[in-house]
Amino acid sequence: MSEQTITYARNHRDQALEHLQHLLRFPSIAAQPDHSDDVRTTAQWLTQWCSDIGLEHGQLMETGGSPVVYADWLHAGDDRPTALIYGHYDVQPADPLDAWTTPPFEPTVRDGRIYARGANDNKGQFMVHLSAIAAYLASNGQLPINVKCLLEGEEEIGSPHLESFVRQHQAQLQADLVIVSDTPMPSPEQPVIINAVRGLVAAEVYVQGPSRDLHSGGFGGVIHNPFTVLVQMLASLHDDRGHITIPGFYDRVRELTPAERIALNATGVTDEQILHYTGAPALWGEMGYTAAERLGARPTLDIHGFRGGYAGDGVKTVLPAWASAKVSMRLTPEQDAQEIAQLFSEHMQRLAPRTVTLKLEALTVANGVAMDTSAPVFEAAALAFERGFGKRSVTRREGGTLPLVAYMIDILQAPVILMGFGLPEDGIHSPDESFALNQFYWGIETAIHYYHLLPEVVYSSS
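What you see is a predicted model, and the numbers here were worked out from it, not measured in a lab.

S.K.: Can you explain the overall build of the protein chain? Please cite residues and give values.
M.R.: Of regular secondary structure, the protein chain possesses 15 helices and 18 strands. The C-alpha radius of gyration computed for the protein chain amounts to 23 Å, which stays within 12% of the reference 23 Å derived for 462 residues, consistent with globular compactness. Projected onto its principal axes, the C-alpha positions of the protein chain cover 80 × 50 × 45 Å. The buried share among the 462 residues of the protein chain stands at 53%. Considering only residue pairs separated by 6 or more positions, the protein chain has 80% of its internal contacts joining residues 24 or more positions apart. As displayed, the protein chain offers around 19,700 Å² of accessible surface, 50% of which is attributable to carbon and sulfur atoms. Distance between charge centres in the protein chain, computed from 31 positive and 55 negative side chains, equals 5 Å.

Structure, rendered in structure tokens:
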């Protein structure tokens, strides 16, 4: 059955690409309120398209925020596994718009890639699975497994409503495994199954000085500038070895074993690749660890942006009333996100001088997860990658954060399989985000193989 479906998928690649291009035209930016209608329109289109390809019970489900799209096909039988396929249809803001070669919501194919916001993250990756389902149903009229699809619209803003949604609809979403394609491969020649994701604490730090903006000539030198305070505080959060200086920050971090270090360095991107992908003049980071180790298995702290004062054209010599910065910390699976959020808050309060008032707002607090990849569903994924990409997958840690992994495992009591098809050079969250067409097409074939292999591998081992 899978070979017939593979042939169909290969013969209908143009159609799969056309549907992806249609989806990419929606500016579904959940972070920006003026795009709330676009987010809902995207969900409505996906609901209809799921029905068009043969999925059933397609519905747009409210969450208190962006709607969730749900659809299923449950006719494979009780003796076949049920897979819950997760994806997110919201995307990052496209700013700065003038840095894009072509408009971010006018998908453009060039040099074997499709360029658009969301091309990889995550529309292209979840459309791998929907395209595989479409090929199965069109070529065979049935699937080898039962499937449920859950497409959310708030992942890029921390999925604030998804955990409560999954708890509320636990029975409807119950499955034997959860499939998530929202992670990268180090290269087209090396598929990867992720065995750990980092946690995340994101916050905004506000420093309040005077009650209003002041003239810097009249008050500079006697009123502490909030930007000066904020920059000095943030600069002190790393020492000259790239080590984070928050007391207690590393207390729960487990040191890597020699075998883990070998595996990370064997399958991770190289220093040269990182410099090529990023355009940076040199690498930086915590001393004592390679770039591959720092990317997947060490905690980090980054500053993302500043607000306050005046940054427009020309000169405005203002002493600002306030300044703020957005900061995040990526955490190893052993660290407790709530604890780190508290340690960060306490440290910032200690650093703040009495000349200002400090306020912190937590934006995201999510734990990391380490997964046991010895289960048969992971073996089936490794075999599927071998058939789809011609090389058996390896396991490695992922530097990003997927908050849903922890509570999917907790609530549904099902393994989460992270089998992504993106590449490091795809530029997610950046201008000119793209997705290699070969990754899209080979991903579809890998998904077809995976659905075919699941009943054989899972139940032959039970």
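S.K.: Describe the sheet that holds strand S18 (residues 434-436), with residues and values.
M.R.: Read from one edge of the open sheet, three strands run S4-S5-S18, paired in antiparallel fashion. Because the sheet does not close on itself, it has two edges, and the strands there are strand S4 (108-110) and S18. Each strand of the sheet is rotated relative to its neighbour by a mean of 25 degrees, with strand direction disregarded. Across three bridges, strand S5 (residues 113-115) lies against S18 in antiparallel orientation. Each bridged residue has a counterpart across the sheet, and for Tyr115 the counterpart in S18 is Ser434. Across the sheet, helix H2 (residues 13-24) is in contact with S4 and S5; its angle to S5 comes to roughly 20 degrees.

The rules behind the values
Residues numbered from 1 in each chain as written. Predicted model: local features only at pLDDT ≥ 70, side-chain atom pairs only at ≥ 80, totals over all residues. Heavy atoms only, no water. Helix = DSSP H or I, 4+ residues; strand = E, 2+ residues; numbered from the N terminus. Rg over C-alpha atoms; globule rule 2.2 N^0.38 Å. Buried < 20%, exposed > 50% of the residue type's maximum accessible area, 1.4 Å probe, protein only. Contact = heavy atoms within 4.5 Å. Areas by Shrake-Rupley, 256 points an atom, 1.4 Å probe, with all protein chains shown as cover. Lys, Arg positive; Asp, Glu negative; His and termini not counted. Charge placed at Lys NZ, Arg CZ, Asp CG, Glu CD. Pairing = 2+ DSSP bridges. Axes fitted to C-alpha atoms, helices over the stretch in contact; angles between N-to-C directions.

Bear in mind that shape data such as this cannot, by itself, settle questions of function.
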